[in-house]
Amino acid sequence: MSKSSVRTRFAPSPTGYLHIGGARTALFAWLFAKSYEGDCLLRIEDTDKERSKEEYTEEIIRSFEWLGIEFDEEVVYQSKNAIRYKEVIDSLLEEGLAYVCSGEDLQEDKKFRDENLARDENTVVRFKMPEKGTTKFDDLVKGQIEVLNDELEDFIIERSDGSATYNFCVVVDDIDSEISHIIRGDDHVNNTFKQINVFKALKVEPPTYGHVPLILGEDGKRMSKRHGAVGVSEYRDMGILPQAFMNYLARLGWSLGDQEIFTPDELVKNFRSGNLNTAPASFSLDKLTWYNKEYLNAMEFTDLVDLIPSEHIKNDEYSKKVIELIRERCNSLNDFSTESQYFYNKPEAFKEEDKIKAIKENTLNLLNLLSERLSNLTEWKSDSIQEEIKAFVDDQEIGFAKIGIPLRLCLTGSLNSPSTDKVCELLGKEEVIGRIEFAIKSF
RNA sequence: GGCCCGUUCGUCUAGUGGUUAGGACAUCUGGUUUUCAUCCAGGCAACAGGAGUUCGAUUCUCCUACGGGCUACCA
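Remember, it's a predicted structure, so these values are computed and weren't measured experimentally. (Residues numbered from 1 in each chain as written. Chains lettered and ligands numbered in written order. Predicted model: local features only at pLDDT ≥ 70, side-chain atom pairs only at ≥ 80, totals over all residues. Heavy atoms only, no water.)

**Quick word on the overall build of chain A**
The test is simple: A helix here means a DSSP run of H or I that spans at least four residues, while a strand means a run of E at least two residues long, and both kinds are numbered starting from the N terminus. In this treatment the radius of gyration is a C-alpha quantity, and the globule benchmark scales as 2.2 Å times the residue count to the 0.38 power. Two residues form a contact once any of their heavy atoms are found within 4.5 Å. A 1.4 Å probe and the Shrake-Rupley method give the accessible areas. Residues count as covered only by the protein chains that appear here.
Looking only at helices and strands, chain A features 19 helices and twelve strands. In terms of C-alpha radius of gyration, chain A reaches 31 Å, well past the compact-globule figure of 22 Å for 443 residues. In terms of its C-alpha atoms, chain A occupies a principal-axis envelope of roughly 105 × 45 × 35 Å. Sequence separation of at least 24 residues holds for 73% of the intrachain contacts in chain A that already meet a minimum separation of 6. Only carbon and sulfur atoms are counted for the fraction: they give 46% of the accessible area of chain A, which is about 22,000 Å².

**Observations concerning the pattern of salt bridges**
Note the cut-off: Whenever a carboxyl oxygen of Asp or Glu lies within 4 Å of a side-chain nitrogen of Lys or Arg, that contact is scored as a salt bridge. The cut-offs for exposure are 20% and 50% of the maximum accessible area for each residue type, with area from a 1.4 Å probe on protein chains only; residues under the lower value are buried, those over the upper are exposed, and the others partly exposed.
A full pass over the atoms with the stated rule returns 30 salt bridges. Taking the shortest distance from any N to any O, the salt bridge between R7 and E73 comes out at 2.8 Å. Remark: E73 occurs in the loop between α2 (54-67) and β3 (76-77) and R7 occurs in strand β1 (residues 7-10); sequence separation between them is 66 residues. Between K320 and E317 there is a salt bridge, with its nearest N and O atoms 3.5 Å apart. One end of the pair is K320 and the other is E317, both in helix α12 (residues 317-326) and three residues apart, which spans about a single turn. Judged by relative accessible area, E317 falls into the exposed class, the value being 55%. When salt bridges with common partners are traced through the structure, they connect R9, R43, E45, D173 and D174 into a single cluster.

**Details of the protein's contact with RNA strand B**
For the record, the criterion: Think of it this way: one heavy atom of a residue within 4 Å of a molecule or strand is enough to make that residue near it. The definition of a polar contact used here is a pair of N or O atoms within 3.5 Å, where within protein one atom must be able to donate a hydrogen and the other to accept one, and adjacent residues in sequence count solely through side-chain atom pairs. Note that Gly is not counted as nonpolar here; it falls among the polar residues with everything else outside the nonpolar set of Ala, Val, Leu, Ile, Met, Phe, Trp, Tyr, Cys and Pro and the charged set of Asp, Glu, Lys and Arg.
Surveying the vicinity of RNA strand B reveals 58 residues, the closest of which are K142, R159, G253, E328 and R329. Separating a base nitrogen of RNA strand B from a side-chain N or O atom of N190 is a distance of 2.9 Å. Of all the secondary structure elements, the ones that give two or more residues to the surface near RNA strand B are β7 (143-148), α5 (166-176), α6 (189-201), β12 (281-282), α10 (285-298) and α17 (400-412). Residues belonging to the surface near RNA strand B are distributed by class as follows: 15 nonpolar, 23 polar and 20 charged.

**Looking at the packing of helix α16 (residues 382-396) against α17**
Note the threshold: Lines are fitted to the C-alpha atoms to define the axes, a helix being fitted only along its stretch in contact, and any angle between axes, read from their N-to-C directions, falls within 0 to 180 degrees. Convention used here: angles under 35 degrees read as roughly parallel, angles over 145 as roughly antiparallel, angles from 65 to 115 as roughly perpendicular, and any remaining angle as oblique. What makes a crossing left-handed is the near helix being turned counterclockwise from the far one by less than a right angle; a clockwise turn instead makes it right-handed.
Running from amino to carboxyl end, α16 crosses α17 at an angle of 130°, the nearest separation of the two axes being 9 Å. Of the possible angle classes, the one that applies to α16 and α17 is oblique. Pair α16 / α17 crosses with right-handed handedness. Facing I389, K390, F392 and V393 of α16, the residues of α17 in contact are F400, I403 and L407. Counted by class, the contact of α16 with α17 contains six nonpolar, no polar and one charged residues.

**Some words on the sheet that holds strand β2 (residues 39-44)**
The cut-off we apply is this: Strands were regarded as paired on the criterion that DSSP finds at least two bridges between them.
Spatial ordering of the open sheet is given by β1-β2-β3, a layout of three strands whose pairing is parallel. Strands with a single pairing partner mark the edges of an open sheet, and in this sheet they are β1 and β3. As defined by bridge partners, β1 adjoins β2 across four bridges and the pair is classed as parallel. Residue pairing across strands places R7 opposite D39, the latter belonging to β2. Along the sheet face, α2 touches β1, β2 and β3 and points at about 155° away from the line of β2.

**Some thoughts on the pairing of strand β6 (residues 134-139)**
Here β6 shows a clear split, with T135, F137 and D139 buried on one side and none of T134, K136 and D138 buried on the other. The sheet contact formed by β6 and β7 spans six bridges and is antiparallel. The residue of β7 that forms the bridge with F137 is I145. Between β6 and β7, which pair antiparallel one after the other, the connecting turn spans three residues.

**Structural notes on unusual backbone geometry**
Positive phi is not limited to glycine here, since E37 has a value of about 60°. Locating E37 in the fold gives a position in the loop between α1 (20-35) and β2. A relative accessible area of 58% places E37 in the exposed class.

Here it is as structure tokens:
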């Protein structure tokens, strides 16, 4: 095939937010096109007037913007093509490749296959399926798929209200958009047989198909909007990085040897539909989280700072130091908020279980003594703070943990945090002394 | 029910007519860390089942089981 002729499309119906399965299918369609330096279009299939909503369309477009998938050309709206569909149906009728009938019962309807009835508000138009032979195609991921035409039925292409139905619109749009390869979900395999026959009736060579297996939820059940699937925007709101999300999605059903981390460029460069898996894959939040952490850690510090939402953490010098200190403990952008709490707010209350673990018989006394020594410390740097605490520990002939653990609790309100000396340095002497004193009173 | 698709560690997957069936996530065990996180080292763990083809099948074929999809005047 010539490189520039590859054109794919992603065609969601705006009846819900973009879900993870759709995003992955779109990603594959996009990667496929881009790997051949072709184009990938976005088509909104909004012919279902009842369920389609404009807000969903907007949400879908926003999700792709976030993900970093850019579609080529103008977005196509099926709802705007009604006249075109009608024209094509007219021509099909004229050529005797479709027929008018009541639409109530297929067997009854079939009697009118060659009748040429007049259309009115009580009739529908059915497509004349070939009755003999087979319909087959060579799928990019599944190989050859074939079905007896006998299994296919004369499906309705025009409703009684005059509007065209999905399996028909899709074909007309794919022809009009000159789509060369259709990369879509597995759930369309059976539609493909119908659509191929429409292509033939329209005397257009059908495109090449590639059916990607669907994503299953962690429970192994299908992930779909109807079954409580998760929208792409929710992952954005969780503080997942788009690059990590794209990387994870790509690896869910596609692989290149043992490589796990791919930049978008590498994905485009290396994507081959032949490397797509034929079996459905289960979504794993654990692995997504791992990817996110990898990207978070690999990111340039300045870029990271810019990405952390300001409602979580401010963009000033103090906050930069905080971010530096806690970044390796964060799995998502949002974690920066929870992990940095105590750098902005004094711990007000302590958990009973933490107190039991940290506060022993002599602890309060030790805390008082340490507080005094720290307040006399002249150089307030993590190194000197650590030295001072070590000296204190030696003097008292106790283990580091005897004072380290309670100190951590006083300063952070938690038993887990970065090393206490670094926390001390950042918090500043006054604050440290204050927190120790406050904590002693509340223990 | 009919038709279509699928089945390698718990999960994502690599791979081959002869391999100690590889990697990653998760998990477990050590080491580092005063804690947690990180990091390092190591461990556990898979070819759904049955026939057939073959000197030899995880790999090829068929059957069964299981899973998924479609079967709308939804897309």
